[in-house]
Amino acid sequence: MASGRSNGKSPSVAIVNLGCAKNVVDAEEMLGVLAEHGYSLTADTSRADVLIINTCGFIASAKDESLTAIRDALRWKRRRGTKVIVAGCLSQRYGKSLLEQVPDVDALIGVGQMARIHEVVERTLMADSPVIEETPPQHRWARTGTRVLSTAPWSAYLKISEGCDHKCTFCAIPAFRGGHVSKPLERILEEAQDLARRGVQEVNLIAQDSTQYGLDLYGRQMLPQLLRELSAMQTFRWIRVLYCYPSRVSDEVIDVLANTPRVLPYVDMPLQHADDDILRAMMRPVGRDRYVQLIRRLREAHPDMTVRSTFIVGFPGETEQHFANLLAFLEEVQLDRAGAFVFSPEDGTPAENLPNRVPERVAQSRYDRLMRLQQRISLMRNRMWIGREMEVLVESAHPAQRNLWIARSFRDAPEVDGTVLVRAREAQPGTFLTVSITDATAYDLLAERTISLPVRAGQKEEVPL
Ligand code: SF4
């Protein structure tokens with residue numbers, strides 16, 4: 001049980017979470033473990049006795065953001081003695097050497113210590129010198145039911161595996177998150193039952209590579225079976241898969257995404273580039289033409305299949321012609337959504353020392369050009385929905401306009417995609433509505449509430465509320 005304060009009150013802990021959805025789950029698991037061990041949880045960082053900064057170490061901008069958050073936390077340490085623990089990817093990646101930049105932190109832990117965060121907090125409260133735990137990443141799945149959900153009560157992430165076995169030359173993640181480790185299927189189903197009991201209606205499966213799920217544990221790709229079993233539970237209304245690796249989007253995966261009730265026809269598939277020279281330099285196995293075919297197969301399998309991807313611009317050696325090939329690819333495949341990053345030379349990755357670096361100014365201008373093109377494409381894709389009806393999940397009232405509600409459709413993953421703005425006198429956050437699309441922008445759709453609808457776009461069968 002929590003100890004460490006002389007006034008007899010249990011110490012309070014707050015977590016500042018940075019980075020991706022995988023970090024959201026890690027933070028929720030840490031909060032759960034701490035609550036179980038008697039710590040009081042607070043969202044108020046100014047009042048916490050212990051502040052945990054759950055960092056991201058993905059690329060330069062993410063590292064800067066994490067360091068800023070740590071320095072902000074250290075201000076509370078100076079003002080009121082708050083203990084500061086640095087967890088997550090940045091500390092896993094750089095370990096003790098981080099202390100050169102933020103020497104006053106009280107503890108540094110990696111991604112393998114999260115399940116025993118209570119012990120780390122306890123030792124930090126007692127110790128005068130920093131608690132440092134540098135170990136290789138070990139994946140110990142926290143117990144089902146311990147997670148404190150921090151997302152909207154009707155939507156949750158469900159992590160199905162950890163780590164990555166790919167060798168993309170720009171990526172440092174496998175070096176510090178370790179190789180791919182699947183969570184046992186029965187464990188995932190148990191967690192899914194737990195989320196369903198708590199009222200979750202939308203479950204978003206996450207991993208570094210969701211399509212690799214099961215290969216290590218069962219010797220075969222198990223994502224299709226997992227999706228079928230989650231669908232058969234008949235509890236979630238929306239089941240979404242994030243982060244698919246293109247060469248593993250098999251016919252079976254496509255079939256399950258397209259034809260399984262409750263599994264959304266939505267694929268988030270980072271392609272990184274679409275010029276074969278650059279793909280080879282990135283050690284990405286799939287070539288441009290196969291990407292084109294894959295996207296065609298996805299759309300043939302389901303006419304409303306929503307395809308999202310991410311690209312890197314300014315990879316070393318990327319010429320104007322390579323970049324033009326990427327833009328031409330985007331024009332050809334007309335993705336529903338795409339995001340982009342400017343290449344960041346990450347320590348210890350093969351791409352770090354590649355010759356022919358693209359000047360920052362050029363890379364930034366390519367980023368802007370790609371995003372402008374994609375905005376035009378996304379606008380066209382969104383306009384195709386005008387006049388159609390679809391089901392949306394209401395998230396909140398619009399902060400500035402009466403009778404306007406912020407909702408998401410099956411095409412909108414939380415945090416990363418757009419929204420559907422629904423005009424309606426009344427709506428209830430956390431419920432599903434049928435709406436009719438009246439207008440579109442590059443990111444959002446505008447809609448009116450409709451009374452009833454027999455066919456819901458994006459759904460393969462009528463699912464009773
Ligand atoms: S698939 Fe490539 S980019 Fe993604 S985490 Fe693995 S190595 Fe990194």
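Note that the structure is predicted; figures quoted are calculated from it, not measured. (Residues numbered from 1 in each chain as written. Predicted model: local features only at pLDDT ≥ 70, side-chain atom pairs only at ≥ 80, totals over all residues.)

**Quick look at the overall build of the chain**
Thinking step 1. Check the secondary structure of the chain and you find 13 helices and 19 strands.
Thinking step 2. Radius of gyration (C-alpha) of the chain: 23 Å, near the 23 Å computed for a compact globule of 465 residues.
Thinking step 3. Across its three principal directions, the C-alpha atoms of the chain cover 65 × 55 × 50 Å.
Thinking step 4. Split into buried and exposed, the 465 residues of the chain put 45% on the buried side. (Helix = DSSP H or I, 4+ residues; strand = E, 2+ residues; numbered from the N terminus. Rg over C-alpha atoms; globule rule 2.2 N^0.38 Å. Buried ≥ 20, exposed ≤ 12 C-beta atoms within 10 Å, placed from the backbone.)

**Focus on the domain arrangement of the chain**
Thinking step 1. For the chain, the domain assignment lists domain 1 (12–133), domain 2 (155–383) and domain 3 (389–449).
Thinking step 2. Secondary structure elements with two or more residues in the side of domain 1 that touches domain 2: α1 (21–36) and α3 (89–94).
Thinking step 3. In terms of residues, the side of domain 1 that touches domain 2 owes the most to one element, α1, which gives four residues.
Thinking step 4. Across the side of domain 1 that touches domain 2, the residue classes break down as seven nonpolar, two polar and two charged. (Domains from an automatic or database assignment. Nonpolar A, V, L, I, M, F, W, Y, C, P; charged D, E, K, R; others polar.)

**Comments concerning the nonpolar core**
Thinking step 1. The biggest cluster of nonpolar side chains holds 129 residues, and the ones touching the most others in it are I85, V86 and V422.
Thinking step 2. Ranked by the residues each element gives to this core, the list is headed by α1, at seven residues. (Core = buried A, V, L, I, M, F, W, Y, C linked by C-beta atoms within 7 Å.)

**Observations concerning the sheet that holds strand β12 (residues 266–268)**
Thinking step 1. Pairing is parallel across the open sheet formed by three strands, whose spatial order is β12-β13-β14. Whereas interior strands pair on both sides, the edge strands pair on one side only; in this sheet they are β12 and β14 (337–342). Between one strand axis and the next, the sheet turns by 15 degrees as a mean value, whatever way the strands run.
Thinking step 2. Bridge count for strand β13 (residues 306–313) against β14 is six bridges, and the pairing is parallel. Bridged to I312 within β14 is F341. (Pairing = 2+ DSSP bridges. Axes fitted to C-alpha atoms, helices over the stretch in contact; angles between N-to-C directions.)

**Focus on helix α12 (residues 320–333)**
Thinking step 1. Helix length check: α12, at 14 residues, gives a terminal C-alpha distance of 20 Å against a target of 20 Å (1.5 Å per residue), a fit within 8%.
Thinking step 2. Looking at the buried positions of α12, the neighbouring elements they touch are α10 (276–281), α11 (288–301), β13, β14 and α13 (360–383). (Expected span 1.5 Å × (residues − 1). Contact = placed C-beta atoms within 7 Å.)

**Focus on the site of the ligand**
Thinking step 1. Taken together, C164, H166, C168, C171, I173, P174, Q208, D209 and Y245 form the complete shell of residues around the ligand.
Thinking step 2. Of the residues contributing to the shell around the ligand, the split by class is six nonpolar, two polar and one charged. (Near = placed C-beta within 6 Å.)

**Thoughts on the pairing of strand β17 (residues 420–423)**
Regular strands place side chains that alternate from one sheet face to the opposite one.
Thinking step 1. One ladder, built from four bridges, connects strand β16 (residues 404–409) with β17; its direction is antiparallel. Looking across to β17, one finds that L404 is bridged to R423.
Thinking step 2. As judged from the four bridges shared by β17 and strand β19 (residues 445–449), these two strands associate in the parallel manner. The residue bridging L421 from the neighbouring strand is L446, located in β19.

**Some words on the pairing of strand β4 (residues 83–88)**
Thinking step 1. Burial within β4 is extensive, with six of its six residues counted as buried.
Thinking step 2. Bridge count for strand β3 (residues 50–55) against β4 is six bridges, and the pairing is parallel. In the sheet register, N54 faces β4, and the bridge partner there is A87.
Thinking step 3. Regarding the hand of the β-α-β motif, the stretch spanning β3, helix α2 (residues 60–80) and β4 is right-handed. (Right-handed = clockwise from strand over helix to strand, strands pointing away.)

**Notes on the packing of α1 against helix α4 (residues 117–126)**
Thinking step 1. Relative to each other, α1 and α4 sit at 65 degrees, their axes nearing to 8 Å. When the axes of α1 and α4 are compared, the pair comes out roughly perpendicular. Residues M30, V33 and L34 of α1 form the contact with α4, whose own contacting residues are I117, H118 and V121.
Thinking step 2. Across the contact of α1 with α4, the residue classes tally to five nonpolar, one polar and no charged. (Parallel < 35°, antiparallel > 145°, perpendicular 65-115°, else oblique.)

**Considerations on helix α8 (residues 223–232)**
Thinking step 1. For α8, the set of buried residues is L223, P224, L226, L227 and L230. Down the axis of α8, the buried set is contained in an arc of 165 degrees. They therefore lie on one face.
Thinking step 2. Remark: Q234 follows α8 within two positions and exhibits a positive phi of approximately 55 degrees. (Arc of directions from axis to C-beta.)

**Focus on the environment of V33**
Thinking step 1. Residue position: V33 is located in helix α1.
Thinking step 2. Spatially, the C-alpha atoms of V33 and M114 are 8.7 Å apart, while their sequence positions differ by 81 residues.

**Some words on the packing of helix α9 (residues 251–259) against α11**
Thinking step 1. One way to put it is that α9 packs onto α11 with a least axis distance of 9 Å and a crossing angle of 35 degrees. Crossing of α9 over α11 shows right-handed handedness. Contacts between α9 and α11 involve I254, D255 and A258 from the first element and R297, L298 and A301 from the second.
Thinking step 2. Its residues assigned to classes, the contact of α9 with α11 shows four nonpolar, no polar and two charged. (Left-handed = near helix turned anticlockwise from the far one by under 90°.)

**Observations concerning the sheet that holds β4**
Thinking step 1. Taken together, the six strands give an open sheet; going across it, the order is β2-β1-β3-β4-β5-β6, and neighbouring strands pair in parallel fashion. Two strands bound the open sheet, and with one partner strand each, they are β2 (40–41) and β6 (131–133).
Thinking step 2. Bridge count between strand β1 (residues 12–17) and β2: two bridges; the pairing is parallel. Residue pairing in the sheet places S12 in a bridge with S40 of β2.
Thinking step 3. On top of the sheet, α1 reaches β1, β2, β3 and β4; it is set at about 175 degrees to β1, its chief contact.
Thinking step 4. Each of β1, β3, β4, β5 (107–109) and β6 touches α4; the most contacted strand, β4, lies at about 150 degrees to it.

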